[in-house]
Amino acid sequence: MRIEWSHVSKIFRLKPKQKGRLSSRIPTPSIGLLDFSATVRPGITAVLGPKGSGKSTLLRLTAMQLVPDDGRVTYRSDDGSFCIWSKSGAAMADDPMLTRMKQCIGYVPPLRKMDQTISVEHSLMYLAQTRRVPNPKRRAMELIAQWGLGSVRRVPLHELKPGELKRFFLAKSLLADPVIWLLDEPETGLDEMGRILLEKALASQPKHRITLLATQDMDLAEWASDLLLMEGGSCRRYGRKRWLTAGVPQGTVKAWYEWMQTFSQYLKSNNMNQ
Ligand SMILES: Nc1ncnc2c1ncn2[C@@H]1O[C@H](COP(=O)(O)OP(=O)(O)OP(=O)(O)O)[C@@H](O)[C@H]1O
């Protein structure tokens, strides 16, 4: 499997606020992605970049939760078959190829509150059934054990502590054993046990899986095989971690990332002075 993004753009248009109310005047555009092109292969790709550089937009779009304004995402299988997510593709909402592809994607959103009264166990079993996972009860129990949720399996989702909820989201994203695993800042709200279990899952991930790990945590990014650096909604750099980090004396993702940011700031200030 490969994921190819070709000239993908996503612009959010927010109505400007006026005296605390939404005005009907011209909306302010905000760049989510701008002419983003890249291709990723199986392995773990750390998606890095400053706040607002488009990491979450890239993941939500790849999870088919957002529709691109322009360009397309191609999910290309090893047998030559492919599936395209684009504005025109999204119009065919019940396309069986897209539905099948969506089932191959596990997405972990940034931490958010849940007001659901369903228990951890029932929620996982129900979701496994709706996704037609074989033997839903067994799969739910496997994930409860894998993510250390045994003691809270009968607890309603709205009563979970943030760390437990994060582990629940991680478990849920893996229900259908996804070929594509999208993690949006998984470190946020994660407890100590969750951190250990997440690192274990990254270390033992199946060879065919593509994991996109959007993170601000440079230690977590060390688990990646590839690095993708974003800036202003575009791909600034993509490549093997070992080659990119070989260019900095410390040889770490943190040092490479800081060096790239210094370089960016230098270029920006140089352009402003011209
Ligand atoms: N739903 C939305 N409505 C309006 N603007 C949005 C929306 N989602 C993202 N944006 C804007 O798009 C840009 C990219 O945001 P995005 O969240 O993708 O960046 P990010 O790199 O994930 O940032 P962070 O590290 O803060 O999560 C930002 O300017 C953001 O304000």
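Everything numeric here is computed off the predicted structure, so don't read it as measured data. (Residues numbered from 1 in each chain as written. Predicted model: local features only at pLDDT ≥ 70, side-chain atom pairs only at ≥ 80, totals over all residues. Heavy atoms only, no water.)

I would appreciate a short explanation of the overall build of the chain in the present structure.
In terms of regular secondary structure, the chain is built from 10 helices and 12 strands. Principal-axis analysis of the C-alpha atoms gives the chain an extent of 65 × 50 × 50 Å. By the burial criterion, 46% of the 274 residues in the chain qualify as buried. Sequence separation of 24 or more characterises 67% of the internal contacts of the chain that already satisfy a separation of 6 or more. A total of about 14700 Å² of accessible surface is found on the chain, and carbon and sulfur atoms cover 53% of it. Across the chain, 41 positive and 26 negative side-chain charges occur, with their mean positions spaced 4 Å apart. (Helix = DSSP H or I, 4+ residues; strand = E, 2+ residues; numbered from the N terminus. Buried < 20%, exposed > 50% of the residue type's maximum accessible area, 1.4 Å probe, protein only. Contact = heavy atoms within 4.5 Å. Areas by Shrake-Rupley, 256 points an atom, 1.4 Å probe, with all protein chains shown as cover. Lys, Arg positive; Asp, Glu negative; His and termini not counted. Charge placed at Lys NZ, Arg CZ, Asp CG, Glu CD.)

Where do I start with the pairing of strand S11 (residues 226-231) in this structure?
Remark: a regular strand shows side chains that alternate across the two faces of the sheet. In terms of burial, S11 is largely enclosed, as 5 of its 6 residues are buried. As defined by bridge partners, strand S5 (residues 43-48) adjoins S11 across 4 bridges and the pair is classed as parallel. By the bridge assignment, Leu48 is partnered in S11 with Leu229. Looking at chain direction, S11 and strand S12 (residues 234-240) are connected through 6 bridges and run antiparallel. In the sheet register, Asp226 faces S12, and the bridge partner there is Arg240. Here S11 hands over to S12 after 2 residues, with Gly232 in that stretch at a positive phi of 55°. (Pairing = 2+ DSSP bridges.)

When you look at the site of the ligand in this model, what are you seeing that I'm missing?
For the ligand, the set of nearby residues contains 15 residues, the closest of which are Gly52, Gly54, Lys55, Ser56 and Thr57. For the ligand, an oxygen atom lies 2.8 Å from a polar atom in the backbone of Gly52. Glu185 is positioned with one of its side-chain polar atoms (N or O) 3.4 Å from an oxygen atom of the ligand. Protein chains shield 68% of the accessible area of the ligand, which is 630 Å² for the free molecule. For the shell around the ligand, a count of residues per class yields 4 nonpolar, 8 polar and 3 charged. (Near = heavy atom within 4 Å. Polar contact = N/O pair within 3.5 Å; in protein donor to acceptor, adjacent residues only side chain to side chain. Nonpolar A, V, L, I, M, F, W, Y, C, P; charged D, E, K, R; others polar.)

What's the story with the side chain of Thr45 in this structure? I'm lost.
With respect to the helices and strands, Thr45 occurs in strand S5. In contact with Thr45, other than residues within four places in its own chain, are Val40, Thr211, Leu212, Leu213, Ala224, Asp226, Leu227, Leu228 and Tyr238.

Would you take a moment to explain the sheet that holds strand S4 (residues 28-40) for this structure?
Strands pair in a sheet through their backbones, by hydrogen bonds, and they do so in one of two ways: parallel or antiparallel. The strand order S4-S1-S6-S7 describes an open sheet built from 4 strands, whose pairing is antiparallel. Looking at strand neighbours, the two that pair on one side only are S4 and strand S7 (82-86), the edges of this open sheet. For this sheet, the mean inter-axis angle between neighbouring strands, taken without regard to orientation, is 20°. As paired strands, strand S6 (residues 70-76) and S7 are joined by 5 bridges and run antiparallel to one another. (Axes fitted to C-alpha atoms, helices over the stretch in contact; angles between N-to-C directions.)

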